[in-house]
Every structure is written in structure tokens, then in C-alpha cells.
Amino acid sequence: MKKLLSIFGIAGISLLWAGCKPAMISEEQLAKNNYVLAKADFNYALTLPDFYDKIAGTDLLKNGGILDKNTAVTLLDSVLVDTLMGFRANDVNLRDYYEYFFRFRESMARQIVNTYYKHAIFGLIVVDSQEVLDYFTAHQDEFFVEEKILVYHIVITPYNLEKGADSLKYKGMSKEEIEESARKMIFEFRSQIDSKESFMEVAKKYSHDEFTARRGGMIDWANKGFYAWPFDSLAFAAKPGDIVGPYRDRDGWQILYIDAHLPAGVPQMNPQIYGASLGHVQSAKAKEVSFAIFDTLFANIGIQYNEELYDSNAYYVDRQIWAAIVNGIDTIDFGELVSGEEQIRERYQVPNSTPEMKKEMVQFLARRWVLVQTARKMGLDTLPEVVKEIESVKHFHARRIIEQSQTDPNWEPSDADLRSFYKANIKNYVVERPLKVQQILLQDSVLAEFVKDQAAAGADFLALADEYYTGEQSIRRDLAELGYVGPEDVSPNFFEAARKMGPGEVTGPVKTEYGFHIIKVLEANWSVPFENARAEIRLKIKEQHRLEELEAFKNGLYKEFNAKKTGRVSPMHFKPKSERQNIS
């Protein structure tokens, strides 16, 4: 069914655009090709520039290149499915999915409490600059820093040459040759830098450290003792602006650029130090303000306890069951309560918390919900930025539910499914002619022993056949090439001797009614019994089922939201990611 749909889709597109060879789309051509690729409900329209921009923002073809049409069509489906899942997520009721709702509720409470602190606590705090400077002066030990440097690097490793995108170029080279290639490469890059090529641009294009390459080679601030020898002795001896290397360390060949140096000690006041000192002063004042406010807020919390379950092991109680209700408004369930169970058991050294210990946990948890309730009374939960963040988190969890519904990871094929697959693909498992062999047939056993020894010592087998095979000289090589054979094609003792050998091995002489055979096995592909193939077949059927589920899921979304592809998909050219612009 899936294959039929795929063929039908491609055939339909081919008929629709017959005679129109798709043009290559590049970044410069987008303005002239601002047509709609796909539409769906809610006035959704995906234009070619939008689609191009989504791909450009990924690591696909990060070194530049051409995206073929078939891959582009597959990616278009992915973008559409991703968008339509978002539409479906809007209708998800998180309360129907406890674990997701629990995580959403935790995030929501955290957002509201943080907003409360921002407005009701930190909003009351006034700090003047002299207080900040006084704190810095009185607590200089808190601002002491070890000596550090801001460093960039370019690294070339033999491993990346051997295993990376250009590995074919180095295939067949010895370790020494690959090492020499890496050394020559790094010295060539140093020459480019010395010729005024930008260090950062060379790092972006060529460094094997993909993470730092994206940042022009920037490692960040580095302390002594963190990087491999001889980094410290070279880098910390250099001055800002110096280029160090190439040199070899345990990882590969390195070139360093020293951007800045910070000596050990307490730095002079600067914006970063001022901000850190300000934070300390604000935190201290926030504690004073919050203690005064919280004493009042937490003085008369009304808590209704579900005491009937407090003798139970909290881990064995259904997480959704309520453990307490705070001020008749917000519920603390056992899912929330068990978050502190392990900690309280460890504190009191008990195998299970007592009812009083559970009440202690509830009273602690209730304080957060009192802050949430207070924030609601102040209207803080209706602030646009809070509503936006809560809706974003809610939608994120709803999407996760939709994503999880695409396939059933617990689905398993039946034994009948496994056997049916084995039978339908029997040629892949039962091999009638499992051995590919060559032979040299001789009539003299002594000569046969000699030829066997020559072959076993590494002499060319077919050259030996040309010289010694019994029969007409012109057809000896052809006679030596037996090809694939099974037990029905050769004498029983010939097959029995050959089946004991591995590829490349030589045996003999083997006596048959035809003479003495020297046998060389080239390939051995033995039949796989069903029980031995069971595990592999299971994985294949599960993957096939998963793909069918994804196809059905996609088709269901397309139907539900009336999604249609309305524009031609063409091959696309992308610049290297470092040179791409944001189109939308």
C-alpha cells in the first residue's frame, strides 16, 4: 500500500509537470520564486523561500552543495507533518495525560513563582552603586580568578582524515602516511594565516573540531591544567595577538590564537564584576524582604491532608491520587509528594516516611502553591509574557503527546508473522549453492600434493590451474572456475571437504571418481535456519511496521487538515552554512 501510494504520487507529479525540467533553486533566485509549495487549514501556506530558509537553518549540507529533488520532497513532508502536529496539539487536553500534565504544572508554577519574585520581591529592592562597590571591596576573595587566556584553535587529526567525509582519499594509506598528511595540512593552514588569511575563517572551513569551528575556532577562556600537554607551556607564554604552532598533542595537530590574557588575582572593576557584585547585594536584600513577606504569607496556610494514605509507602500509591489541598484551591498529589520522599528517608534514616514526615513534606511543598496563589491575586499570571510562556510550555507537552502517538514502540510481530516473512524471503535464508570455489583436478596424487603446497604457500591458484590442470590447455582456467556449488553439484567428499574451509583457504588433495582435487573456497554463504534468523526478522518487521505507521499518521494529518502540495519542488543549491543568510 505504501509503495503504491509512493509510486502514484511520483507518477502524478510527473504527469502534472511533464516537459518541465525542474530548475535549480539558489538563495539568489528565491525572490523570483515566491510561490506556495503547500497549503492547509487555518490559512497555512508554506512558500518556497520559507521552505528554503528552514533547510538553510539546519546542518544539512553545512559545507554547501545541492539538495536533490527526492530529498527535498521528503523534507517537505517532514515540514508539513511537523506543522500539522502543532495544529493537532492545540486540541490536546493535557489533563488526560497525567505525566505530561504533571510536568506542565510544575513548569507553570515555577514560571508564576519566578514572576512573583521579580515583581513582589526584587521589585521592592533598591541598590545604589556605592553598595555594589562596598560589597566588592569587602568580599574580594569571592572575585579572585586564576590566570586564564581567551584562546582560539585549529585542529587537524589523523583520525578525522581517516574516518571523515574525505576518508576515500586516505584509504589504503598507512598510519604514518596519514599522520604526515595531517602535518602538511596544518602547516599549509599556518602559511595561509601568515599570508593574512583570517584565523577565524580558516578555522570555520577546515578545523576538525566542529563545535569550535562554528565559532571561528573559539575555545573560550582556558585555565592552566585543563588541556593536553604542551598547551600550558606554549599558550600561557604567548601574548595577546600571538599565533602559536603548529604543534602536536595527543589529539592531533594544533594552531592557537591568543586573543586575551587575564592574570591571576582580583580583576579591576568592570561590567561583569559589577553585575556579579550587584547580584550578591540584591540577593542579600531579597532575603530580608522575602523573610518579612513570607512570615505573613505562610503563617496561616490551610492544608487538608489525605491522612488515610499517609501510612502507605508513597512509592506504591498512585501518583495521581491527592495527598493534600492547599487553601482549598491547589492540589498536591502523590506524584509531587514522592519528589521529597528519598530525601526525607535519608535525613531521618528510615525505610519509609511516617505520617508526620509526610505532613512535613506537604507543608514545605504548600509554600510554593501559596506563592502561586498570591501571584494570581496580584494578576501576575495574566501578564502577557507569563501567558505566552505558559502557553508555549503547554503546547510543547501537547506536541510531545502527538509525537508519541505516531508509532507504537511496544508493537511486536506474532510468531506467524515471523514465519511468514521467513517463507516469503526464503531465498535470503536458504542457500542451495552456498560455496563459491575453484579447483585443480589432477590424476597423480603426488603431483596433487605438490600443487596443493604451492597454492597454500600463496601461489596464484589460476596460474597453477593453467599449468597443471588435467585436460586441454586452452580450457584449464575455465574448468578451474566452478562457481557456486551445493551438495547436489559435486561429489559428497568434495563438498564435505570444502564446507569445512573458510574463504581464501585451500585444501586437498580430495579423492573422487574423477581424480584428485585441490580446492580453494572463495565465498561461503550458508543457510540460516528460522530460529537463527528470528531476531533479525523481528527487527525488520518492526521497522517495516513503524514506517507503515508513520505513513498512515502522515496521511491522517493531511486529511484532517486538508493539506495539499500545490507547487513544484526543485533541486536546491545551498552555500556553506557559515555564508548563508536568513531569508525570511
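Heads up: the structure comes first, above all this text.
Here the structure is a predicted model, which means the values were calculated and not measured.

**Overview of the sheet that holds strand 2 (residues 44–47)**
Here is step 1 of the chain: Taking strand neighbours across the sheet as the criterion, the 3 strands line up as 2-1-15 in an open arrangement whose pairing is antiparallel. Two strands close off the open sheet at either side, each with one partner strand: strand 2 and strand 15 (564–565).
Here is step 2 of the chain: Of the strand pairs in this sheet, strand 1 (residues 36–40) and strand 2 are connected by 4 bridges, and their pairing is antiparallel. Bridge pairing in strand 2 links V36 to T47.
Here is step 3 of the chain: In the packing of helix 3 (residues 69–89) onto the sheet, the strands contacted are strand 1, strand 2 and strand 15, and the crossing angle to strand 2 comes to about 155°.

**Notes on the side chain of N313**
Here is step 1 of the chain: Mapped onto the elements, N313 comes out in the loop between strand 8 (303–305) and strand 9 (322–326).
Here is step 2 of the chain: There is a polar contact of 3.0 Å between the side chain of N313 and the backbone nitrogen of Y315.

**Considerations on the packing of helix 14 (residues 341–348) against helix 15 (residues 355–377)**
Here is step 1 of the chain: Between helix 14 and helix 15, the shortest axis-to-axis distance is 11 Å and the interhelical angle comes to 125°. Between helix 14 and helix 15, the crossing angle belongs to the class labelled oblique. In the packing of helix 14 onto helix 15, the handedness of the crossing is right-handed. Across the interface between the two elements, E341, I344, R347 and Y348 from helix 14 touch M357, E360 and M361 from helix 15.
Here is step 2 of the chain: Split by residue class, the contact of helix 14 with helix 15 holds 4 nonpolar, no polar and 3 charged.

**Structural notes on the packing of helix 18 (residues 445–456) against helix 19 (residues 461–468)**
Here is step 1 of the chain: The contact between helix 18 and helix 19 brings their axes to 10 Å, and the two run at 155°. By the angle between their axes, helix 18 is roughly antiparallel relative to helix 19. As helix 18 packs across helix 19, the resulting crossing turns out to be right-handed. The residues of helix 19 that touch helix 18, namely those facing L447, F450, V451, Q454 and A455, are F461, L464 and Y468.

**A look at the layout of surface pockets**
By rolling a water-sized probe across the atoms, one finds the places where empty space is left.
Here is step 1 of the chain: Here the second largest pocket is characterised by a volume of approximately 900 Å³.
Here is step 2 of the chain: Lining the second largest pocket are 26 residues, and of these K62, N63, K204, K205 and S207 lie nearest its centre.
Here is step 3 of the chain: Where the lining of the second largest pocket is concerned, the elements lending two or more residues are helix 6 (158–163), helix 7 (167–170), helix 8 (175–194), helix 9 (199–206) and helix 10 (210–213).
Here is step 4 of the chain: Considering each element in turn, the lining of the second largest pocket owes the most residues, 4 residues, to helix 6.
Here is step 5 of the chain: Broken down by class, the residue content of the lining of the second largest pocket amounts to 9 nonpolar, 6 polar and 11 charged.

Rules used throughout
- Residues numbered from 1 in each chain as written.
- Predicted model: local features only at pLDDT ≥ 70, side-chain atom pairs only at ≥ 80, totals over all residues.
- Heavy atoms only, no water.
- Pairing = 2+ DSSP bridges.
- Helix = DSSP H or I, 4+ residues; strand = E, 2+ residues; numbered from the N terminus.
- Contact = heavy atoms within 4.5 Å.
- Axes fitted to C-alpha atoms, helices over the stretch in contact; angles between N-to-C directions.
- Polar contact = N/O pair within 3.5 Å; in protein donor to acceptor, adjacent residues only side chain to side chain.
- Parallel < 35°, antiparallel > 145°, perpendicular 65-115°, else oblique.
- Left-handed = near helix turned anticlockwise from the far one by under 90°.
- Nonpolar A, V, L, I, M, F, W, Y, C, P; charged D, E, K, R; others polar.
- 1 Å grid on protein atoms, 1.4 Å probe; cavity = no way out; pocket = protein on both sides within 12 Å on 5 of 7 lines; lining within 4 Å.
- Points joined across faces, edges and corners; volume = space filled by probe spheres on them.

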